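Remarks on the overall topology
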Amino acid sequence: MPRNFLRLDNFTPDDLRGLLNESLRLKAYPYGETPLAGKSIGILFAKASTRTRVAFEVGIHQFGGKAISLNPGDIQISRGESLSDTAKVLSRYIDGMVVRAGDQSVIEELADAATVPVINALTDKFHPCQAVADFAALLEKKGNLEDMKLTYIGDGNNVANSLIIGAAMLGIDMHVASPEGYRPENDVLETATTIIKETGGKITVGSDPKEAAKEADAIYTDVWTSMGQEEEAGRRIEAFAGYTVNDAIMAVAKSDCVAMHCLPAHRGEEITASVIDGPRSIVWDQAEFKLHAQKAIMKMTMGDEN
Ligand code: CP
Ligand code: NVA
């Protein structure tokens, strides 16, 4: 069975901790190992990407492999060839697939038919590579993840979902503040609730951003309108009024609280310029960790030892 990474809980908490440590190690030693030597990795992105895609392509290059760009518009998927036939055929050529799609079921269908590992590079439901990069950036900044309060303010979206599951796996105390109707989905909260029984984590979901931000070690936000939701943008700006991560929100957190965002950001909506461009922001470190974390994920799923 290929080792897929479709959501964070495809791995164990120990695997996740291993990935974080490996991400930090790869940051210190980016060159000199080639676990993808001679391997070709398909990059199939149905949505825009700056960070994730470039970080995967660079990571594959640094690991001695070759990235094969498979834009959906250029392959026969665009003319109706099924996901499963596509995955079966591609598996005869390539050694792994990195996929960005809309529905989580697309990536699951591809992975079911593929005989090579599939990595989720974002779906509407999850963004697991992002969460690994984020926790690695937090680990680097704080030195450890013990007794941490992580607060997420805003849309209960793909990024929030993966952070919630990751926080549960790492035993972190996670607080989410979202307006009614935009909270993380129940099945994600149920999964997290099951995981924290083993790990000692905590998850609190409410609608008061200031309450959630109190004494936080890290405050995270993401766009109010994700890719594919553009038609709802006006309605969402109204619904999220009061959920901007600004200086007043940061003021109730711990004095060494960091501000996080997966990027791309909309300054003046989910976060102010004063916060994202201010001294507590670690967003550029998060972006850099996409490279190291995604390399760690590829090594674990597609590397020589698999
Ligand atoms: N954070 C993130 O996934 O960015 P991209 O959409 O640019 O890959
Ligand atoms: N929630 C955002 C994340 C982009 C990296 C989106 O899905 O558009």
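Here goes a summary of the coordinates provided. (Residues numbered from 1 in each chain as written. Chains lettered and ligands numbered in written order. Predicted model: local features only at pLDDT ≥ 70, side-chain atom pairs only at ≥ 80, totals over all residues. Heavy atoms only, no water.)

Another point: the site of ligand 2. Near ligand 2 you find Leu122, Asn157, Asn158, Val159, Asp222, Val223, Ser226, Met227 and Leu263, and these make up its full shell. Between Asn158 and ligand 2, the recorded distance is 2.8 Å, taken from a side-chain N or O atom to an oxygen atom. In this structure, Ser226 approaches ligand 2 through a side-chain N or O atom, which is 2.7 Å from a nitrogen atom. For ligand 2, whose free accessible area comes to 270 Å², the fraction covered by protein is 93%. (Near = heavy atom within 4 Å. Polar contact = N/O pair within 3.5 Å; in protein donor to acceptor, adjacent residues only side chain to side chain. Areas by Shrake-Rupley, 256 points an atom, 1.4 Å probe, with all protein chains shown as cover.)

Most of strand S6 (residues 173-177) is tucked away: four of the five residues are buried. Following the backbone out of strand S5 (residues 149-153), through helix H6 (residues 158-170) and into the adjacent parallel S6, one traces a crossover that is right-handed. A crossover links S6 with its parallel partner strand S7 (residues 202-206), the connecting element being helix H7 (residues 186-199), and its sense is right-handed. (Buried < 20%, exposed > 50% of the residue type's maximum accessible area, 1.4 Å probe, protein only. Helix = DSSP H or I, 4+ residues; strand = E, 2+ residues; numbered from the N terminus. Right-handed = clockwise from strand over helix to strand, strands pointing away.)

Reading across from one edge, S2-S1-S3-S4 is the order of the four strands in this open sheet, with parallel pairing throughout. Lying at the two open borders of the sheet, with one neighbouring strand each, are strand S2 (66-69) and strand S4 (118-120). Going across the sheet, the axis of each strand differs from the next one's by a mean of 25 degrees, ignoring polarity. Bridge count for strand S3 (residues 96-100) against S4 is three bridges, and the pairing is parallel. (Pairing = 2+ DSSP bridges. Axes fitted to C-alpha atoms, helices over the stretch in contact; angles between N-to-C directions.)

Another aspect to go through is the site of ligand 1. Around ligand 1 lies a shell formed by Ser49, Thr50, Arg51, Thr52, Arg100, His127, Gln130, Cys262, Leu263 and Lys290. Residue Arg100 places a side-chain N or O atom 2.8 Å away from an oxygen atom belonging to ligand 1. A distance of 2.9 Å separates a nitrogen atom of ligand 1 from a polar backbone atom of Cys262. Protein chains bury 95% of the 260 Å² of accessible surface belonging to ligand 1 in isolation. Residues of the shell around ligand 1, tallied by class, amount to two nonpolar, five polar and three charged. (Nonpolar A, V, L, I, M, F, W, Y, C, P; charged D, E, K, R; others polar.)

By the secondary structure assignment, Asn157 is in the loop between S5 and H6. Accessibility expressed as a relative area gives 6% for Asn157, which makes it buried. A distance of 3.3 Å separates a polar atom in the side chain of Asn157 from a polar atom in the side chain of Tyr152.

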